[in-house]
Structure formats: C-alpha cells, structure tokens
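# Structural overview
Given next are the chains, with one letter for each unit.
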Amino acid sequence: MEPWILITVGAATAQTLRFMLQKRLKGMALSTAGATFARFVYSSPLVAVIAVIYASSTGQGFPGLPLSFWPYMLAGGMSQILATMCVVALFSHRNFAVGITFKKTEVLLSALFGFIILGDTFTTLTILAMLIGLGGVLLLSDPPDGVGPWHQRIFNKATALGLGAGVLFGISGNGYRGASLSLADGDVFYRAIMTLAFVTAFQTIAMAAWLAWRERGEIMRVLSAWRVAGLVGVTSMIGSICWFTAFTLQNAAYVNAVGQIELLFSLLIGAFVFGEKVTTREWQGLLLLTLSIIMLVLLL
C-alpha cells in the first residue's frame with residue numbers, strides 16, 4: 001500500500017474527531033465562526049513549532065517562497081475557512097453523518113476543479129460516477145420530514161451549506177497542492193509543513209480580525225472553552241499535517257477519494273456519540289454517494 005493512502009486515512013480519522021468536537025463546541029453557545037476559529041488559533045502555534053524544529057534539525061532552513069505560492073496559499077486558506085463554517089453551520093440543520101456526507105461532495109467537485117485548475121481529464125465512467133453522486137446528494141438534500149414543494153425540499157439551506165462546503169473544500173485541496181508544489185526545494189514533509197505553517201497563520205489572523213470586528217467577545221469565549229477547543233486544535237493539526245503531506249504526494253482528487261472513509265467514521269460517531277438515527281431516504285442517499293465515491297477510487 002502506498003504511503004499517501006495510509007496518511008490520508010490518518011487525516012480522515014483526525015478530521016472526523018475534529019468535526020465531532022466542533023459540533024460539541026457549537027452546542028456550548030459558541031457561534032459558527034467561533035467554533036471554526038478554535039481549530040486555527042490552537043493549531044497554528046503547534047504547526048509553527050513543528051515547522052521550525054523540522055527545518056532546523058534537517059538543515060533545510062527557511063524556504064524560498066515564489067510568487068506563485070501566495071495565490072495558491074491564500075485561495076486554499078480562505079476557502080477552507082468558509083468550508084469549515086459551512087459544515088459547522090450544517091450541523092444545526094442535519095445530523096452528524098449526513099452533514100459529513102454532504103461535505104464529502106468535495107471528492108466529486110475536486111475532480112472538476114482539478115480539471116479547471118490543473119488540467120485533469122474525465123472519462124465516461126468518471127462522469128457516470130459523478131452523476132450517481134449527484135443522485136445521492138439530491139436524496140440527502142430532502143429534509144427528514146419530506147413535506148412541501150419539491151423545489152423547497154431540494155433547494156434548502158442544508159443543501160446550500162453542504163454543497164458550499166464541498167465546493168470550497170475542493171478548491172482548498174487543489175490550492176494547497178499547488179502551494180506545496182510551488183516550493184522547489186525540500187523534501188515532501190518539509191514542503192507540506194511549511195505550507196501548512198503559512199496557511200494556519202494566515203487563517204488565525206484573518207479569523208481573529210473578523211471576530212474582533214463582527215463578533216465582539218467571541219474570541220474570549222473560544223479561549224474560555226479551551227478544554228474542548230484545545231482538542232479541536234490538536235486534532236486539526238494532526239489532520240492538516242496528514243492532508244498536506246498527502247496532497248504533496250498525490251493529486252487532490254485521488255486523496256479526497258480515499259478520504260471518503262470519513263463517511264464510515266461519521267456514521268459510527270453519529271450513532272454511538274450523538275445517538276442519531278439515519279432515515280431510510282438518507283441511507284439511500286448515503287449508499288448512492290458511497291457508490292459514486294468507490295467508483296471514483298477505482299477509476300482515478
């Protein structure tokens with residue numbers, strides 16, 4: 001088994017735990033932005049320390065940053081902030097497993113953005129897999145009560161948040177890969193950790209500025225919830241290091257495809273941690289989307 005596959009499974013595990021903790025933060029009277037900020041403010045110092053120690057111990061020093069690094073880094077960092085906010089907000093509308101599954105439309109969308117940004121191509125079977133995934137998304141978009149006009153049942157806030165997260169995570173994955181690959185020198189982990197250090201620093205500053213401007217007092221509430229928020233930061237750091245390393249080793253579509261194992265983890269957590277039940281229609285949507293993902297794993 002190739003190393004990037006094991007690294008991706010580790011990333012998916014850490015990310016599922018992080019979203020579980022963020023769902024708990026959302027239930028502790030933190031805002032969506034506050035629960036999102038927790039992952040950056042507690043992880044960025046840890047990432048910076050690891051980056052400095054690794055660069056010093058390996059003698060690779062500070063990286064030379066080409067101009068192409070910055071647009072990739074900024075696009076990836078900003079889209080990840082917005083994507084995380086979409087997922088956290090989605091937990092208020094749908095259960096944990098469905099929320100994570102909606103987010104996982106990124107595997108379908110990252111292939112599209114890979115085509116647009118990096119020149120990847122599609123086969124007929126790949127397009128078929130995406131259409132099957134679309135059917136799954138439509139089933140998941142239907143609210144549990146299943147009442148009301150069809151257009152309101154499909155085009156609702158949960159659908160917008162879920163698909164928005166998928167689009168934004170698809171952009172961020174390709175952005176991070178582009179930023180990491182723009183660094184000409186250094187081994188794989190060096191390029192990954194350096195890119196992550198710059199990204200998380202930018203995300204922390206951007207989120208802090210936003211909260212200070214728009215949600216006064218929220219920063220202190222995040223710091224007061226340090227017991228849970230600190231764990232969010234640790235799991236975020238572990239997951240991000242794994243994601244960035246995997247994106248450096250392999251293209252975003254492949255990595256996101258293998259990362260769909262997060263769906264299984266989310267079902268287990270939703271059932272055993274939050275005591276949530278999945279409706280028959282949601283199971284159908286989950287199965288269609290999972291079939292789509294498995295096809296992409298085999299085809300990519």
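Here the structure is shown first, and the text comes after it.
Residues numbered from 1 in each chain as written. Predicted model: local features only at pLDDT ≥ 70, side-chain atom pairs only at ≥ 80, totals over all residues. Heavy atoms only, no water.

### A word on the side chain of threonine 8
Assignment of secondary structure puts threonine 8 in helix H1 (residues 3-26). With residues up to four places along the chain from it excluded, the contact list for threonine 8 reads Trp243, Ala246, Val255, Val258 and Gly259. (Helix = DSSP H or I, 4+ residues; strand = E, 2+ residues; numbered from the N terminus. Contact = heavy atoms within 4.5 Å.)

### Some words on the packing of H1 against helix H12 (residues 226-249)
For the pair H1 and H12, the least separation of the axes is 8 Å and the interaxial angle reads 155°. When the axis of H1 is compared with that of H12, the two are roughly antiparallel. Here H1 runs over H12; the crossing is left-handed. Class assignment for the residues of the contact of H1 with H12 results in 17 nonpolar, eight polar and one charged. (Axes fitted to C-alpha atoms, helices over the stretch in contact; angles between N-to-C directions. Parallel < 35°, antiparallel > 145°, perpendicular 65-115°, else oblique. Left-handed = near helix turned anticlockwise from the far one by under 90°. Nonpolar A, V, L, I, M, F, W, Y, C, P; charged D, E, K, R; others polar.)

### Considering the packing of H1 against helix H4 (residues 69-90)
As a packed pair, H1 and H4 sit with axes 10 Å apart at the nearest point and diverge in direction by 60°. In this view, H1 runs oblique relative to H4, as classed from their interaxial angle. Remark: the crossing between H1 and H4 carries right-handed chirality. Across the interface between the two elements, Arg18, Phe19, Gln22 and Lys26 of H1 pack against Thr84, Val87 and Val88 of H4.

### What to know about the nonpolar core
Judged by nonpolar contacts, the single largest core of 27 residues is most densely connected at Val47, Ile193, Met194, Leu196, Phe244, Phe247 and Val255. At the level of secondary structure, the elements contributing two or more residues to this core comprise H1, helix H3 (44-57), H4, helix H9 (157-182), helix H10 (188-214), H12 and helix H13 (252-258). Residue contacts for phenylalanine 244: discarding those within four places in its chain leaves Tyr176, Ala192, Thr195, Leu196 and Val199. (Core = buried A, V, L, I, M, F, W, Y, C linked by side-chain atoms within 4.5 Å. Buried < 20%, exposed > 50% of the residue type's maximum accessible area, 1.4 Å probe, protein only.)

### Points about the packing of aromatic side chains
Counted according to the given criterion, the structure contains eight aromatic pairs. On the basis of an interplanar angle of 85° and a centroid distance of 5.3 Å, the ring pair of phenylalanine 69 and tryptophan 70 is categorised as edge-to-face. Residue classification places tryptophan 70 among the partly exposed positions, given a relative accessible area of 32%. Residue classification places phenylalanine 69 among the buried residues on the basis of a relative accessible area of 0%. Linked through ring pairs, Phe62, Phe69, Trp70 and Phe198 together constitute an aromatic cluster. Over the aromatic face of phenylalanine 19 sits the side chain of arginine 18, whose NZ or CZ is 4.3 Å from the ring centroid. Note that arginine 214 overlies the ring of tryptophan 213, its terminal NZ or CZ placed 5.1 Å from the centroid. (Phe/Tyr/Trp six-rings, centres within 6.5 Å; stacked < 30°, edge-to-face > 60°. Lys NZ or Arg CZ within 6 Å of the ring centre and 35° of its normal.)

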